[in-house]
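# Overview (structure and organization)
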Amino acid sequence: MLKYNKKCLYCINVFASKASTTNYCSTDCSFFHRIREYNSCWNWLGNIAQSGTINFKVEGRSTTAPRYAYEKYKGILPKGGYVVRTCGNDICVNPEHLLHTYNSTEGTKIQNEKARDALYKEIKADLRPNKILSKVHKLPLHMIRDIKYGRL
Ligand SMILES: [Zn+2]
Ligand SMILES: [Zn+2]
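Residues numbered from 1 in each chain as written. Chains lettered and ligands numbered in written order. Predicted model: local features only at pLDDT ≥ 70, side-chain atom pairs only at ≥ 80, totals over all residues.

## Structural notes on the domain arrangement of the protein chain
Partitioning the protein chain into domains gives domain 1 (1–26), domain 2 (34–102) and domain 3 (112–152). The C-alpha-based centres of domain 1 and domain 2 are spaced at 25 Å. (Domains from an automatic or database assignment.)

Shown next as structure tokens:
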């Protein structure tokens, strides 16, 4: 069988590849090359389907990047149910931010609450004038005040 000597785009190791189109020495290299860590999130820089699904190929099989990350670090995903992001960041594939649930509304709720708490914390810690914060976060001024004074 014809083999190609390729240099992995991620770890730069030279490896023997069966196909000239293979650019990574391993699935992990293919995965991590598409991630940029930011604020503890693993932001996916690879392709994302219009539906929001982050497709990812493992040895020719199609799966999703969140599933791959979840199963690599947390074990096999149970059948059915949903994977939600506790950080509320749609392009995050950090397994620590992925949660399996059977309840879609609960999943959304957890996600929203976490995202909301993070936003409130950020606003509370921001010392700029409320008017500016209202513009930056596109929230009404009275809401910014309520968040600042802990009424929300
Ligand atoms: Zn590699
Ligand atoms: Zn995240």
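Past the structure itself, the notes keep going.
## Examining the packing of helix 4 (residues 130–137) against helix 5 (residues 141–148)
One can describe the packing of helix 4 onto helix 5 by two numbers: an axis separation of 9 Å at closest approach and a directional angle of 110°. Overall, the two elements helix 4 and helix 5 adopt an arrangement that is roughly perpendicular. When the axes of helix 4 and helix 5 are compared, the crossing they make is right-handed. Contacts from Asn130, Lys131, Leu133 and Ser134 of helix 4 reach helix 5 at Leu141, Ile144, Arg145 and Lys148. Tallied by class, residues from the contact of helix 4 with helix 5 come to three nonpolar, two polar and three charged. (Axes fitted to C-alpha atoms, helices over the stretch in contact; angles between N-to-C directions. Helix = DSSP H or I, 4+ residues; strand = E, 2+ residues; numbered from the N terminus. Parallel < 35°, antiparallel > 145°, perpendicular 65-115°, else oblique. Left-handed = near helix turned anticlockwise from the far one by under 90°. Contact = placed C-beta atoms within 7 Å. Nonpolar A, V, L, I, M, F, W, Y, C, P; charged D, E, K, R; others polar.)

## Focus on the pairing of strand 3 (residues 35–38)
Across four bridges, strand 3 lies against strand 4 (residues 41–44) in antiparallel orientation. Looking at strand 4, one finds that tyrosine 38 is bridged to cysteine 41. If you look at the hairpin formed by strand 3 and strand 4, you'll find two residues sitting between the two strands, and asparagine 39 has a positive phi there, around 50°. (Pairing = 2+ DSSP bridges.)

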